[in-house]
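Observations on the three-dimensional arrangement
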Amino acid sequence: IAFDPVEELAEDLGIPHLGYEGFVRYRVSDGKREQNYTGYHHHGVGSGQAWGSFFNSLQRLADRNSTDCVVMGHRHQRAALTITKRQIAVDNRIEVVDVPLVGAGSFLKHEGGTYAADKGLAPSVLGSATLHMYLDRHSIHARA
């Protein structure tokens, strides 16, 4: 099938379709102040159903990409956690930064005849995690 509903939705919204993965630059502004954030968004990897497998997949994506946040879909878990990393700041000092890792969530009900039920998967908590990006400081937090 050559139809991708996400690509069509992106076109309708006038935003680029990134495909399986992509980097996103967010500009948050109130007209006086501005903060810029980068995110790495991935369709998702892995097939394990346990939380440990899910978090390990998310951690691997974060280890391979230096961004302000990492968001993963596919696995249908809604989750938000924060890891810390050390990096060299612009002024050459070593700083510790928080990096939110986000499981995007699910909108598929677990009912008879659905993919989740047919595969014997556990029901998902419906809804999505959110990212809160602040204007007064360079800080981003995730909530599930």
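Summary of the structure given here. Please read these numbers as outputs of a predicted model, since none were measured by experiment.

Some details on the overall build of the chain
Scanning the chain from N- to C-terminus turns up three helices and eight strands. Reading the secondary structure of the chain in the N-to-C direction produces α-β-β-α-β-β-β-α-β-β-β. Summarising its shape, the C-alpha atoms of the chain cover approximately 55 × 35 × 25 Å along the three principal directions. Per-residue burial over the chain gives 29% buried out of 144 residues. Within the structure as shown, the chain displays about 9,600 Å² of accessible surface, and the carbon and sulfur contribution to it stands at 52%. Across the chain, the mean location of the 15 positive side-chain charges is 8 Å away from that of the 16 negative side-chain charges.

Some words on the side chain of Gln-35
Considering the arrangement of structural elements, one finds Gln-35 in strand β2 (residues 34–42). Within the local environment of Gln-35, its side chain forms a polar contact with the side chain of His-138, the two groups lying 3.2 Å apart. Sequence-distant contacts of Gln-35, that is, excluding residues within four places in its chain, are made with Tyr-26, Arg-27, Val-28, Tyr-134, Leu-135, Asp-136, Arg-137 and His-138.

A short note on helix α1 (residues 5–13)
Taking the backbone nitrogen of Val-6 as reference, a side-chain oxygen 3.0 Å away marks Asp-4 as the first, capping residue of α1. One or two steps after α1, the chain reaches Gly-14, where phi turns positive at roughly 75°.

A short note on a negative patch on the surface
There is a patch of like negative charges on the surface, built from Glu-7, Glu-8, Glu-11 and Asp-12. You can see Glu-8 is positioned in helix α1.

As for unusual backbone geometry
The phi angle at His-74 is positive, at roughly 70°, despite the residue not being glycine. Along the polypeptide, His-74 turns up in the loop between β3 (69–72) and β4 (78–88). Here His-74 falls in the partly exposed class, since its relative accessible area comes to 38%. For Asn-92, which is not a glycine, the phi torsion comes out positive at approximately 70°.

Some details on the side chain of Thr-67
Relative to the helices and strands, Thr-67 resides in the loop between α2 (51–64) and β3. Judged by its relative accessible area of 11%, Thr-67 is buried. Here the side chain of Thr-67 touches Cys-69 through a polar contact of 2.7 Å, landing on its backbone oxygen. For Thr-67, the contacting residues outside a window of four places in its chain are Phe-23, Thr-38, Gly-39, Tyr-40 and Val-99.

What counts and what doesn't
- Residues numbered from 1 in each chain as written.
- Predicted model: local features only at pLDDT ≥ 70, side-chain atom pairs only at ≥ 80, totals over all residues.
- Heavy atoms only, no water.
- Helix = DSSP H or I, 4+ residues; strand = E, 2+ residues; numbered from the N terminus.
- Buried < 20%, exposed > 50% of the residue type's maximum accessible area, 1.4 Å probe, protein only.
- Areas by Shrake-Rupley, 256 points an atom, 1.4 Å probe, with all protein chains shown as cover.
- Lys, Arg positive; Asp, Glu negative; His and termini not counted.
- Charge placed at Lys NZ, Arg CZ, Asp CG, Glu CD.
- Polar contact = N/O pair within 3.5 Å; in protein donor to acceptor, adjacent residues only side chain to side chain.
- Contact = heavy atoms within 4.5 Å.
- Patch = residues over 30% accessible without salt bridge, like charges linked within 9 Å, V, L, I, M, F, W, Y side chains within 5 Å.
- Salt bridge = Lys/Arg side-chain N within 4 Å of Asp/Glu carboxyl O.

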